[in-house]
Amino acid sequence: MSTIAVGGLNRTAALYQSVIGKKVIMAVTGFILSGFVLGHMIGNLQVFAGPEKLNAYGAFLQSLGGALWAARIVLLASVGLHITMAVQLTMLKLEARPQPYVKKTALVSTYAARTMIWSGPIVGAFLVYHLLHFTTGQAHPDFKPGDVYANVITGFRNPAVSLFYMVANILLAFHLYHGVWSMFQSLGVAHPRYTPLLKRVAQTFGIVVGLGNVAMPMAVLTGILSL
Amino acid sequence: MKLTLNIWRQKGPNDAGRIVKYEMPNVDEHMSFLEMLDVLNEDLIHKGEEPVTFEHDCREGICGCCGFMINGLPHGPQRGTTVCQLHMRQFHDGEELWLEPFRAKAFPVLKDLMVDRSAFDRIIAAGGYVSVNTGCAVDGNAIPIEKQSAEMAMDAAACIGCGACVASCPNASASLFTSAKIAHLGLLPQGQAERDRRAVRMVAQLMEEGFGYCTNTGECEALCPKGVKLENIARMNRDYLKAAILYREENASAGGA
């Protein structure tokens, strides 16, 4: 008897090529990334506890060495896969309805759900800038390696920079508002008892991450945080 | 009442198509939407013009034949209703309406408001069935079925295959339709034998037909004239994932020594 159809590679390829498989990858990488943004925000809110606390936190992360790089590799791979899936699925979507409607009404879909394909790439572009700004320093005019607190304050004193941070993080909040629930549905988790709760958790998650991240540039601009 | 209709006119699959405006000076509010179009068509025939093609059969909201977009909504503004059961009292005097066919690559326009939905038939043929022995009818209730499963299977089976889910979806996805079939059969004991094969094959066919993918916007559930639930799509995803990992093709060796 032939065993061609159950070969391991074929099976993985079939799963990867299917629309559901792609959404599963989207969901799993989305889960990892949303966990990261929450942790990242909580860690960074230590800016409100003063320079010593925040710089100590930064030094602690740097001291992790191998573990830090392992986390970075997982995150970068997640970002890469998340974007690849988004591009492939968007191409599919454009093919699936070649002729648009003259008139189309959206009834229940949220603004967040309909604009995932816009919030995603903008947040992605922001991510590149953010890494060059606060991690490697090329995009930061007064970058002082190791002095995280000073970098945050001098960085956010530029209103244009702060504005970009706030806009990107509001879009991130929209992305999470839909995505954090959507990933459970994609993985097949839905139940009348838990789905409404999951939706509320996702909406709260988006709002909390958005508010937390917007609070930092806002605090610097308004002078609540200074050197 | 007086209505202005902007109707998509397309001579055939290869015609570009365009919106044509028609004035309806005397619409009775007790007419169904299709009866209103019948009146328009009578008028067009008398004038020697080509009548507007639209699909219809039972006109009782149970066959799944009718359906087109009215003001950007499949089956029009009333929820839980097919266009044949939609009555003109849902509209007001002087209103301007936009009528378009369902749009998706997998639903090519045949003429005017009529699309070819045979992609749905091919998805069902790929796995939307159960195998039963022929011969005497089996005893009713011979197989115990949990009440709740029977109810959920029945709710999924309410799908009439009209295509409103595809039409309303921003991605032209057929996930609600396919998942309704998968859930309807997969919730019952009779559907277990082909459960894995069904998920793998129906999802493969869905992609073959060129439908989009699900982004969980929930438009389909809101627009479905039969109220088929989004929860079915999660069930399809579960069934598909499990099957994609564990399913053995019939021609595979059974394993063992």
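Residues numbered from 1 in each chain as written. Chains lettered and ligands numbered in written order. Predicted model: local features only at pLDDT ≥ 70, side-chain atom pairs only at ≥ 80, totals over all residues. Heavy atoms only, no water.

(A) Expanded view of the packing of helix H2 (residues 118-127) of chain B against helix H5 (residues 175-186) of chain B. Residue and element names in this part refer to chain B. Relative to each other, H2 and H5 sit at 30 degrees, their axes nearing to 11 Å. Classified by the angle between their axes, H2 and H5 sit roughly parallel to one another. Regarding H2 and H5, the two cross each other, and that crossing is right-handed. Between H2 and H5, the residues in contact are Phe-120, Ile-123 and Ile-124 and Phe-177, Thr-178 and Lys-181, respectively. (Axes fitted to C-alpha atoms, helices over the stretch in contact; angles between N-to-C directions. Helix = DSSP H or I, 4+ residues; strand = E, 2+ residues; numbered from the N terminus. Parallel < 35°, antiparallel > 145°, perpendicular 65-115°, else oblique. Left-handed = near helix turned anticlockwise from the far one by under 90°. Contact = heavy atoms within 4.5 Å.)

(B) Broad picture of the packing of H5(B) against helix H8 (residues 231-246) of chain B. All names here are of chain B. Relative to each other, H5 and H8 sit at 70 degrees, their axes nearing to 8 Å. The pairing of H5 with H8 is recorded here as roughly perpendicular in orientation. Contacts between H5 and H8 involve Ser-175, Leu-176, Thr-178, Ser-179, Ala-180, Ile-182 and Ala-183 from the first element and Asn-232, Ile-233, Arg-235, Met-236 and Asp-239 from the second.

(C) Looking closely at the interface of chain A and chain B. Taken together, the contacts link 46 residues of chain A with 57 residues of chain B. Surface buried jointly by chain A and chain B totals about 4100 Å² across both partners, of which 60% is contributed by carbon and sulfur atoms. For the pair chain A and chain B, the number of links is zero salt bridges. Between chain A and chain B we count 26 residue pairs in polar contact (both at pLDDT 80 or more) in total. Broken down by secondary-structure element, the contributors of at least two residues to the side of chain A that touches chain B are helix H1 (8-17), helix H2 (19-44), helix H4 (66-96) and helix H8 (159-186) of chain A. Looking at the side of chain A that touches chain B element by element, the count peaks at six residues for H4(A). Partitioning the side of chain A that touches chain B into residue classes produces 24 nonpolar, 15 polar and seven charged. (Buried area = accessible area lost by both parts, 1.4 Å probe. Salt bridge = Lys/Arg side-chain N within 4 Å of Asp/Glu carboxyl O. Polar contact = N/O pair within 3.5 Å; in protein donor to acceptor, adjacent residues only side chain to side chain. Nonpolar A, V, L, I, M, F, W, Y, C, P; charged D, E, K, R; others polar.)

(D) Fine view of the nonpolar core. All names here are of chain B. Counting residues in hydrophobic clusters, the biggest one holds 60 residues, and the most contacted among them are Phe-107, Phe-120, Val-166 and Phe-211. Here this core gets six residues from one element, more than from any other, and that element is H8. Of all hydrophobic cores here, the second largest spans 27 residues; its members include Val-52, Val-83, Cys-84 and Met-88. (Core = buried A, V, L, I, M, F, W, Y, C linked by side-chain atoms within 4.5 Å. Buried < 20%, exposed > 50% of the residue type's maximum accessible area, 1.4 Å probe, protein only.)

(E) The arrangement of the environment of Leu132(A) in detail. Residue and element names in this part refer to chain A. Inspection of the secondary structure puts Leu-132 in helix H6 (residues 116-135). The exposure class of Leu-132 is partly exposed, given its relative accessible area of 36%. When the C-alpha atoms of Leu-132 and Lys-199 are compared, they prove to be 34 Å apart, with 67 residues separating the residues in sequence. Setting aside chain neighbours within four positions, we find Leu-132 in contact with Gly-137, Gln-138, Ala-139 and His-140.

(F) Main features of the side chain of Asp239(B). Residues and elements named next belong to chain B. Residue placement: Asp-239 occurs in helix H8. Of note is the side chain of Asp-239, whose polar atom sits 2.8 Å from the side chain of Arg-195. In this view, Asp-239 contacts Ile-182, Arg-195 and Ala-199; residues no more than four positions away in its chain are not counted.

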